[in-house]
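Below are the chains, spelled out letter by letter.
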Amino acid sequence: MTTAPTSGIDLFADDVLVDPYPAYAELRELGAVVHLPENGVHALTRYDAIRAALADWESFSSTSIAFNPMADEALTGTSLASDPPAHTQLRAALTENLSPRALRGLKGRIETKADALVAELVEKGSFEAIDALARAFPLEVVADLIGFTGHVRDNMLRWGQAAMQVLGPMNQRTAESFPIAGELYAWCSQVRADDLAEGSVGRGIFDAEARGAIPPDTAGHIIHQYLGAGVDTTIAAIGNIVALFARHPEQLALVRENPSLVPAAFNEALRLWAPVHAWGRRATKDVTVDGTVIPAGAKVAILFGAGNHDPRHYDDPDTFLVERNPVDHLSFGYGPHGCAGQGLARLEAHAVIDALARRVERLVLGPETRVPGNITRSIDTLPVLEVIPA
Ligand code: HEM
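Residues numbered from 1 in each chain as written. Predicted model: local features only at pLDDT ≥ 70, side-chain atom pairs only at ≥ 80, totals over all residues. Heavy atoms only, no water.

## Quick look at the coordination of the iron atom of the ligand
For a metal with four tetrahedral donors the ideal donor-metal-donor angle is 109.5 degrees, whereas six octahedral donors ideally subtend 90 or 180 degrees.
Inference 1: Protein coordination of the iron atom of the ligand is limited to a single donor, Cys 339 (SG), which sits 2.3 Å from the metal.
Inference 2: Positionally, Cys 339 belongs in the loop between α15 (304-308) and α16 (342-359). (Donors = N, O, S within 2.8 Å, 3.2 Å for Na, K, Ca; no water. Helix = DSSP H or I, 4+ residues; strand = E, 2+ residues; numbered from the N terminus.)

In structure tokens form, the structure reads like this:
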């Protein structure tokens, strides 16, 4: 057994955040575990090591998922930041309202919305895809799901972005985002059933609290987790879909010819460009990974995107191939904390891919821009200069 190899890479440097894939490749070649003194973490870089760690909550605790202690403290008691057995009960309350049964009623509405929005954009002929589609669509879906009205709808984007940003190390991005994440937290702490639209899933969570089906004072926290975990990530994923299909019209053609490829195409988009860059764990004891010891108490960084591009697991991992259907990609995590909202994310993304494939033959892009983000990796602006309709 050996200690981990060391690298000078800074996971949260601007250039790494904008394009982490060269750094991921370098780290993966050094080892399945690499010590990064710059960030004070042991990074997990290879597919097998990441998947095994996500399943092994006894060795890799979720009580420290952020890269700064203030955010870890703020998350105490949430599902994301707890271990079994406490996690099991918290998660049950979270997932009940996002189960396939709970979402069944939403499917038709989500598909109709996606189709109408894509039809409108195709008709316009040119548009900025992040604001007009990647942000507009999930914000509307989540607002309707939770039953937001009025000014809260206007804050969802800032709040959702800040909730992810504050999980990074204490850099400028994190410091600037704390007050905004605090607004979200404050709003969720005082929200009442009456503030949410009748018949919404959000109102249902309050009804469950009133019935005693979930512990007192948890409804607001559940809504906080939906917004914190579900907004920025889905926006990133939908922006990525538009960019990938525009860059690879031959892959869009495959989906157009065979619409049953829609779920496979989303899996491949998630595998190729993971919306979540790095996520934390804490080693509860000395843990040996691939012959390397991670010492007890060490902060661990899970690099989902590095695992998704591991050539030990996927052939030709840097190529976008919709027929690959990588159902085992790591972008939704894995194991006890595997994404509780993936059913909703899939409904949204499948509806967008389906509408694009039916209505668009080709999209001509202008240059995209990216702004570095600590945790979510997303495109900031994506001009579609021309639409060649189907
Ligand atoms: C493409 C979009 C999404 C991506 C890439 C994504 C990614 C992830 C990842 C990587 C985790 C695992 C965290 C861990 O291992 O500690 C996670 C957990 C979670 N996600 Fe998502 N997510 C997405 C959409 C959503 C949506 C739409 C919601 C809710 C409305 C949501 C709610 C959650 C919750 C509540 C957890 C915590 C589950 C637990 O602690 O047991 N996510 N997500």
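## Here we look at the packing of aromatic side chains
Inference 1: Under the criterion given, the structure shown has seven aromatic pairs.
Inference 2: For the pair Tyr 21 and Tyr 24, a centre-to-centre distance of 5.1 Å together with 90 degrees between the ring planes defines the contact as edge-to-face. In this pair, Tyr 21 and Tyr 24 both sit in helix α2 (residues 21-30), three residues apart, roughly one turn of the helix.
Inference 3: A residue is classified by how much of its surface remains accessible, and Tyr 21, at 14% relative accessible area, is buried.
Inference 4: Note on Tyr 24: relative accessible area 2%, which makes it buried.
Inference 5: Ring centres of Trp 159 and Trp 187 lie 6.1 Å apart, and the angle between their planes is 40 degrees; on these two criteria the pair is classed as tilted. In this pair, Trp 159 sits in helix α8 (residues 151-165) while Trp 187 sits in helix α9 (residues 172-190), placing the two residues 28 residues apart along the sequence. (Phe/Tyr/Trp six-rings, centres within 6.5 Å; stacked < 30°, edge-to-face > 60°. Buried < 20%, exposed > 50% of the residue type's maximum accessible area, 1.4 Å probe, protein only.)

## So, empty space enclosed by the protein
Inference 1: Scanning all chains against the criterion turns up three cavities of 30 Å³ or more.
Inference 2: By volume, the largest cavity is sized at about 680 Å³.
Inference 3: For the largest cavity, the lining is made up of 35 residues, of which Ala 229, Thr 233, Cys 339, Ala 340 and Gly 341 are closest to its centre.
Inference 4: Where the lining of the largest cavity is concerned, the elements lending two or more residues are α5 (86-96), α7 (129-146), α11 (219-230), α12 (232-247), β6 (279-283) and α16.
Inference 5: The element best represented in the lining of the largest cavity is α11, accounting for four residues.
Inference 6: Here the lining of the largest cavity is built from residues that sort into 22 nonpolar, ten polar and three charged. (1 Å grid on protein atoms, 1.4 Å probe; cavity = no way out; pocket = protein on both sides within 12 Å on 5 of 7 lines; lining within 4 Å. Points joined across faces, edges and corners; volume = space filled by probe spheres on them. Nonpolar A, V, L, I, M, F, W, Y, C, P; charged D, E, K, R; others polar.)

## Observations concerning α8
Inference 1: With 15 residues, α8 extends 22 Å between its outermost C-alpha atoms, agreeing within 8% with the 21 Å of an ideal straight helix rising 1.5 Å per residue.
Inference 2: Where α8 bends most, the angle comes to about 35 degrees, and this point is Leu 157.
Inference 3: Regarding α8, the residues found buried are Val 152, Asn 155, Met 156, Trp 159, Gly 160, Ala 162, Ala 163, Met 164 and Gln 165.
Inference 4: In the core, the buried residues of α8 are packed alongside α7, α9, α11, α12 and β6. (Expected span 1.5 Å × (residues − 1). Bend = angle between axes of the 7 residues up to and from the residue. Contact = heavy atoms within 4.5 Å.)

## Observations regarding the pattern of salt bridges
Inference 1: Summed over the entire model, instances satisfying the criterion amount to 18 salt bridges.
Inference 2: Across the salt bridge formed by Arg 358 and Asp 115, the nearest N and O atoms sit 3.0 Å from each other. Of the two residues, Arg 358 sits in helix α16 while Asp 115 sits in helix α6 (residues 100-124), which places them 243 residues apart along the sequence.
Inference 3: With a relative accessible area of 18%, Asp 115 lands in the buried category. (Salt bridge = Lys/Arg side-chain N within 4 Å of Asp/Glu carboxyl O.)

## Observations concerning the sheet that holds strand β1 (residues 2-3)
Pairing between the strands of a sheet is mediated by backbone hydrogen bonds and can be parallel or antiparallel.
Inference 1: Taking strand neighbours across the sheet as the criterion, the three strands line up as β1-β8-β7 in an open arrangement whose pairing is mixed. Unpaired on one side and paired on the other, β1 and β7 (287-289) mark the two borders of the sheet.
Inference 2: Here β7 pairs with strand β8 (residues 292-294) via three bridges, running antiparallel. Looking at the pairing, Val 287 lines up with Ile 294 of β8. (Pairing = 2+ DSSP bridges.)

## Details of unusual backbone geometry
Inference 1: Here the bond from Pro 84 into Pro 85 is cis, since omega is 5 degrees, no more than 30 degrees from zero.
Inference 2: Of note in the backbone geometry, Asp 290 takes a positive phi value of approximately 55 degrees without being a glycine.
Inference 3: Its place among the elements puts Asp 290 in the loop between β7 and β8.
Inference 4: Relative accessible area serves as the criterion here: at 60%, Asp 290 is assigned to the exposed category.
Inference 5: Despite not being glycine, Asn 325 shows a phi value in the positive range, around 50 degrees.

## A look at the site of the ligand
Inference 1: As a structural note, the neighbourhood of the ligand is formed by 27 residues, with His 87, Arg 91, Arg 281, His 337 and Cys 339 the closest of them.
Inference 2: Taking Arg 281, its side chain carries an N or O atom lying 2.8 Å from an oxygen atom of the ligand.
Inference 3: A molecule is said to occupy a pocket when more than half its atoms come within 2 Å of that pocket's grid points, and by this definition the ligand occupies the largest cavity.
Inference 4: Counting only elements with at least two residues in the shell around the ligand, the list comes to α5, α11, α12, β6 and α16.
Inference 5: By residue class, the composition of the shell around the ligand is 16 nonpolar, nine polar and two charged. (Near = heavy atom within 4 Å. Polar contact = N/O pair within 3.5 Å; in protein donor to acceptor, adjacent residues only side chain to side chain. Sits in = over half its atoms within 2 Å of the grid points.)

## Regarding the pairing of β6
Inference 1: For β6, a buried count of four out of five residues is recorded, marking the element as mostly surrounded by other parts of the structure.
Inference 2: When strand β4 (residues 60-61) meets β6, the two strands line up antiparallel, connected through two bridges. Following the sheet pairing, Phe 60 is matched in β6 by Ala 283.
Inference 3: With four bridges joining them, β6 and strand β9 (residues 299-302) adopt antiparallel strand pairing. Residue pairing for β9: Arg 282 is matched across the bridge by Lys 299.

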